[in-house]
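# Structural features, examined
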Amino acid sequence: LCLQVPELEKATVRIRQPERVREIIRSLREQGVAKLQVISDFDMTLSRFGCNGRRCPTSHNILDTSRVISEDGKKKLKDLLHYYYPIEIDPNRTLEEKRPLMVEWWTKAHELLVQQKIHKDDIAQIVRESEAMLRYGHRMWDGFKEFFDQLHKNNVPLFIFSAGVGDILEEIIRQANVFYSNVNVVSNYMDFNDDGVLTHFKGPLIHTYNKNNSVLQGTGYFQQLSTRTSIILLGDSMGDLTMADGVPSVENILKIGFLNDKVEERRGKYLDSYDIVLESDETLDVVNGILRYILAE
């Protein structure tokens, strides 16, 4: 398979069951483009985890650290992060333990943001001034561009399922000039009053560990795509593994996981759960290589 997808030779790639992965990729190609859909997380999956030795901001971070948040607000949001993030990635806690704590974190963070009276018109500028970066390719800019372009050109639906802030992440994709008609986003969206001021977040609340049917009720997205039974799933956390749960019938699914942080201690869990694990890899090279092979005439 490395002949067809040379990117799988990269040093960042780990695969526990190479034979199985070979079979899935072959099946995805045989089933053809008409049956394919891509389901992806956004923050630290399509966007970069690190850049220039620093952490890249998530869609929440972009807002939390922007000029529209007061110093006091910034401090409180940071305190929440320092308290809850270690819980989110703790390999020794169960999902049952984590879920209520994630709801608590997101709810408190959203309440703090609402208190800041954020203005809708500021969002584009906030994103422009941020250090948000989408994952790249071997030439700095071309990774995400090739990814979005390939899917759009072949009419492959891209479903972005994000626990981040929908308004911010849409703006990131828009400013990167890749917000195409085949892209559909389910995320936490802000609600603004007639003066364009943030009053609350629309429900249902999406956090790291409820990315499944429970928050998709009423969207009917996957129902409309019932013939799209081949899936490539992209994520960076254990919570992302359930993102395809709403798909009516899955024939083939390839799960690709970005292991960005605490690589040594989380490697085993990721290799158990994802078909392909990409360790500290800031690019979309492997994903694009697989797509090129599947979509080739």
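Residues numbered from 1 in each chain as written. Predicted model: local features only at pLDDT ≥ 70, side-chain atom pairs only at ≥ 80, totals over all residues. Heavy atoms only, no water.

### Remarks on the overall build of the chain
Summing up its helical and strand segments, the chain has ten helices and eleven strands in all. In the chain, which comprises 297 residues, the proportion classed as buried is 57%. Nonlocal contacts in the chain, meaning residues at least 24 apart in sequence, comprise 72% of its contacts between residues at least 6 apart. Accessible surface computed for the chain: about 13,500 Å², of which carbon and sulfur atoms make up 49%. (Helix = DSSP H or I, 4+ residues; strand = E, 2+ residues; numbered from the N terminus. Buried < 20%, exposed > 50% of the residue type's maximum accessible area, 1.4 Å probe, protein only. Contact = heavy atoms within 4.5 Å. Areas by Shrake-Rupley, 256 points an atom, 1.4 Å probe, with all protein chains shown as cover.)

### Quick notes on the packing of aromatic side chains
For the coordinates displayed, the defined rule picks out nine aromatic pairs. Ring plane angle 75° and centroid distance 5.4 Å describe the contact between Phe159 and Phe161, whose orientation is recorded as edge-to-face. Judged by its relative accessible area of 0%, Phe159 is buried. Since its relative accessible area comes to 0%, Phe161 is described here as buried. The structure contains a cluster of three or more aromatic residues connected by ring pairs, namely Tyr83, Tyr84, Trp105 and Trp106. Taking NZ or CZ as reference, Arg135 lies 3.9 Å from the ring centre of Phe258, over its face. (Phe/Tyr/Trp six-rings, centres within 6.5 Å; stacked < 30°, edge-to-face > 60°. Lys NZ or Arg CZ within 6 Å of the ring centre and 35° of its normal.)

### Here we look at the sheet that holds strand S6 (residues 183–188)
Taken in spatial order, the seven strands make up an open sheet running S1-S11-S10-S9-S2-S5-S6, and their pairing is mixed. For this open sheet the edge positions go to strand S1 (13–14) and S6, each flanked by a neighbour on one side alone. Where strand S2 (residues 36–40) lies against strand S5 (residues 158–165), three bridges are found, and the strand directions are parallel. Bridged to Ile39 within S5 is Phe159. Contacts from helix H1 (residues 18–31) reach S2, strand S9 (230–235), strand S10 (252–259) and strand S11 (276–279), with the element oriented near 125° to S10. (Pairing = 2+ DSSP bridges. Axes fitted to C-alpha atoms, helices over the stretch in contact; angles between N-to-C directions.)

### Comments concerning unusual backbone geometry
Of note, the amide linkage connecting Gly203 to Pro204 takes the cis form, showing an omega dihedral of -10°. Looking at where Pro204 falls in the secondary structure, it is placed in the loop between strand S8 (198–201) and helix H8 (221–224). Positioned with a positive phi, Asn177 is a non-glycine residue whose angle comes to about 60°. For Asn177, the location among the structural elements is in the loop between helix H7 (166–175) and S6. Non-glycine residue Ser280 carries a positive phi angle of around 45°. Mapped onto the fold, Ser280 is located in the loop between S11 and helix H10 (285–295).

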